[in-house]
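Remarks on the overall topology
What follows is each chain in one-letter form.
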Amino acid sequence: MRTKLYTVLFLLAAITVFGQNKQVQASIDSTKIRIGSQFNLTLKAKVDTSARVNFPEGKTFGSLEVLQSYPIDTIKDGAMYELVKKYGLTQFDSGRYVIPSLPVIINNKSIRTDSLLVEVRNIEVDTLKQKMFDIKPVLEAKSDTAFWYWLLAILAGLGVAAYGVWWYLKKRKKPAPKAAKEVFVSPIEKATIELQNLEKKELLQKGAVKDYYSELTNIARTYIEEAIHVPAMESTTSELIEAMQMAVRKKRMNLTQDTFEQLEKILRTADMVKFAKSRPLDFEIAEDRSRIEKTIVVIDKSIPEEKEEDDLHTHLWLEAQRKKKEKKRRNLIIGGSIAAVLIAIISTVGIFGMSYLKDNILGHPTKELLEGEWVKSEYGNPGVIIETPKVLKRADVNAMVGKEALASIKDINMFLYGSMFDKFYVLVSTTTFKEPADVDLNATLESTLKAMEAKGASNVLVKSEEFNTDKGITGLRAYGNLSMPDPITKKPTRAYYEILFFKQAQGLQQVMIQHEEGDEYAMQILERVKKSVELKVN
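What counts and how
- Residues numbered from 1 in each chain as written.
- Predicted model: local features only at pLDDT ≥ 70, side-chain atom pairs only at ≥ 80, totals over all residues.
- Heavy atoms only, no water.
- Pairing = 2+ DSSP bridges.
- Helix = DSSP H or I, 4+ residues; strand = E, 2+ residues; numbered from the N terminus.
- pLDDT = per-residue confidence, 0-100.
- Contact = heavy atoms within 4.5 Å.
- Core = buried A, V, L, I, M, F, W, Y, C linked by side-chain atoms within 4.5 Å.
- Buried < 20%, exposed > 50% of the residue type's maximum accessible area, 1.4 Å probe, protein only.
- Phe/Tyr/Trp six-rings, centres within 6.5 Å; stacked < 30°, edge-to-face > 60°.
- Lys NZ or Arg CZ within 6 Å of the ring centre and 35° of its normal.
- 1 Å grid on protein atoms, 1.4 Å probe; cavity = no way out; pocket = protein on both sides within 12 Å on 5 of 7 lines; lining within 4 Å.
- Points joined across faces, edges and corners; volume = space filled by probe spheres on them.
- Nonpolar A, V, L, I, M, F, W, Y, C, P; charged D, E, K, R; others polar.

1. A look at the sheet that holds strand 4 (residues 53-54)
- As summarised here, the arrangement of the 3 strands in space is 4-10-11, forming an open sheet in which the pairing is antiparallel. Each end of this open sheet is capped by a strand with a single partner; those strands are strand 4 and strand 11 (109-112).
- Here 2 bridges tie strand 4 to strand 10 (residues 103-106), and the two strands are oriented antiparallel to one another. Paired with Val53 across the strands is Ile106, a residue of strand 10.

Laid out in structure tokens, this is it:
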């Protein structure tokens, strides 16, 4: 009966039991040791005389430390060899530890051993001969968060005050009369007046040669863009000359090659002044000013009288320019908005830290669960009353438990939230058997650990202790850490878990909670769920 019961418990954990490969066997000389004591792991491989065998090497096997790796012993058995490899292992912390499945390479084929469980016990200390003291209370660490809140509030207040002063002074100040906007009849008139105004600014007398050439070429580019309808302002010198030549051929303008060469020479000189910090001589500057004015006049005289189709072309070009400027303005607004958001995020992280940003702005799944509306409900038979952030959903037990196990079970129920691969997972299961049986909770724990490994868990660290509910019902509490593959990246992530086991005359009740390691909100959820556990005893 006991053997059948263990089989049922193993299947309840939703595992597929894999058959052992007799070619490679693993065993340990002790399943229970004291802290720091050495025990031996033995791996045996039975192969033919020509086989090549590589045993695993490493400083740790799971959470156990490898103290020594012994030489391989060879035992001849007829036409076969039995290779024996021993390792000395230990652990310096109490608890239940799993030696994971290890790979043995035989003729380039990997064969994995069975996982094994070993219990590390504390060394008993005679507390009667040693004076004991009460545990000191927890001291609250001083936080400087308040300082940053005050600083932010002061800066915000100063900003509001400065804006109020600026608004008040602006209202009191009489606005200066706006100068009448000049209206130009033609592009040539506009260019001529702007050239005259450039001389009035006396930039050369102030030594601002770079500014002088910049305004001089802008006047020429603006005229060319408005008169010939080519994108002169946003083109390089080479692109502008090429676009002008195409426009001249299309409009059948009478311009000589010398005109293009003179314009290109002036634009090249301006580029050298603006970007290479070149400074022409005074007479060269005067010549460039004269060439620009003459070039503009020559271009204007060569423009033929526009026909109806030319008017349409001009209209389309002006519309295209308007759309281009609108798109540029829209991109600037979008870029400015994105920059403002990034500055706000960086400032928030700098002042309050990344955790504050993630928890209060970006959102934190387990924080939302913790602060949401909790549900208290009864699950299964014999019932488990538990409070959880979300209602647990019934699982399909037929897909998890085989027919052999169901033959010995009177009733089985499973309820869960999430899965073992999620950042937070809760499972409640209840089982009643057809015949009374003394359930071994330690054996149930071992079966559950193997089930977790079968589902992808690795590097499982486990500790166990007695657990009592608020109403005095005694059970077994197992807790520790494990690695689970991320469902998206497939990379291993560490998780923390706790499992509560309770047995009754004809039943077994189990509560499991698992979450991402280091999640403080998930840990608070776990403690609240654990404290809420109540059992209905048959």
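Here the narrative resumes, following the displayed structure.
2. Observations regarding unusual backbone geometry
- In this structure, Pro382 follows Asn381 across a cis peptide bond, with omega equal to 0 degrees.
- Mapped onto the fold, Pro382 is located in the loop between strand 13 (375-379) and strand 14 (384-388).
- Located in the positive-phi region is Arg252, a residue other than glycine, with phi close to 60 degrees.
- Position of Arg252 among the secondary structure elements: in the loop between helix 5 (237-251) and helix 6 (257-275).
- One non-glycine residue, Lys490, adopts positive backbone phi at about 65 degrees.
- For Lys490, the position within the fold is in the loop between strand 19 (474-485) and strand 20 (492-504).

3. What to know about the confidence of the model for the protein chain
- Overall, the prediction assigns the protein chain a mean pLDDT of 79, with 77% of residues at 70 or greater.
- Averaged over each element, pLDDT in the protein chain is lowest for helix 1 (residues 2-12) (49) and highest for strand 10 (92).
- For residues 359-363, every residue scores under 50 in pLDDT, and the model assigns this stretch 9 contacts once sequence neighbours within four places are set aside.

4. A short note on the sheet that holds strand 14
- With respect to topology, 3 strands assemble into an open sheet ordered 13-14-22, the strand pairing being antiparallel. The strands lining the two open edges of the sheet, one partner per strand, are strand 13 and strand 22 (534-535).
- Pairing geometry for strand 13 and strand 14, over 5 bridges, is antiparallel. Each bridged residue has a counterpart across the sheet, and for Tyr379 the counterpart in strand 14 is Val384.

5. Some remarks on the nonpolar core
- Residues Tyr223, Ile224, Ile228, Met244, Ile292 and Ile299 are the most contacted members of the largest nonpolar core, which totals 35 residues.
- Looking at this core, the elements that each hand over two or more residues are helix 3 (187-200), helix 4 (209-228), helix 5, helix 6 and helix 7 (282-302).
- A per-element tally of this core places helix 4 first, with 10 residues.
- Residues in contact with Met244, not counting those within four places in the same chain, are Ile224, Ile228, Val230, Phe260, Leu263 and Ile299.
- Membership of the second largest hydrophobic core comes to 28 residues, among which are Ile409, Leu445, Ala478 and Ile499.

6. Side note on the packing of aromatic side chains
- One pass over the full model with this rule turns up 4 aromatic pairs.
- Geometrically, the ring pair formed by Phe61 and Tyr87 is edge-to-face, given 5.1 Å between the ring centres and 75 degrees between the ring planes. On the criterion of sequence distance, the pair formed by Phe61 in strand 5 (residues 60-61) and Tyr87 in strand 8 (residues 80-90) is long-range, its members being 26 residues apart.
- Residue class for Phe61 comes out buried when judged on its relative accessible area of 3%.
- When the centroid spacing of 6.2 Å and the interplanar angle of 65 degrees are considered together, the rings of Phe467 and Phe502 count as edge-to-face. One end of the pair, Phe467, is in strand 18 (residues 458-468); the other, Phe502, is in strand 20, with 35 residues separating them in the sequence. Both residues of the pair, Phe467 and Phe502, count as buried.
- We note Arg477 situated over the ring of Tyr479; from NZ or CZ to the ring centre the distance is 4.0 Å.
- In this structure, Arg528 is placed above the aromatic ring of Trp374, and the distance from its NZ or CZ to the ring centre is 3.9 Å.

7. Focus on empty space enclosed by the protein
- For the structure shown, the criterion picks out 1 cavity of 30 Å³ or more.
- If you add up the space inside the largest cavity, you get close to 30 Å³.
- In terms of lining, the largest cavity is formed by Glu498, Ile499, Leu500, Val511, Met512, Ile513 and Lys530.
- When residues of the lining of the largest cavity are traced back to their parent elements, those giving at least two are strand 20 and strand 21 (507-516).
- Grouping the amino acids of the lining of the largest cavity by side-chain chemistry returns 5 nonpolar, no polar and 2 charged.

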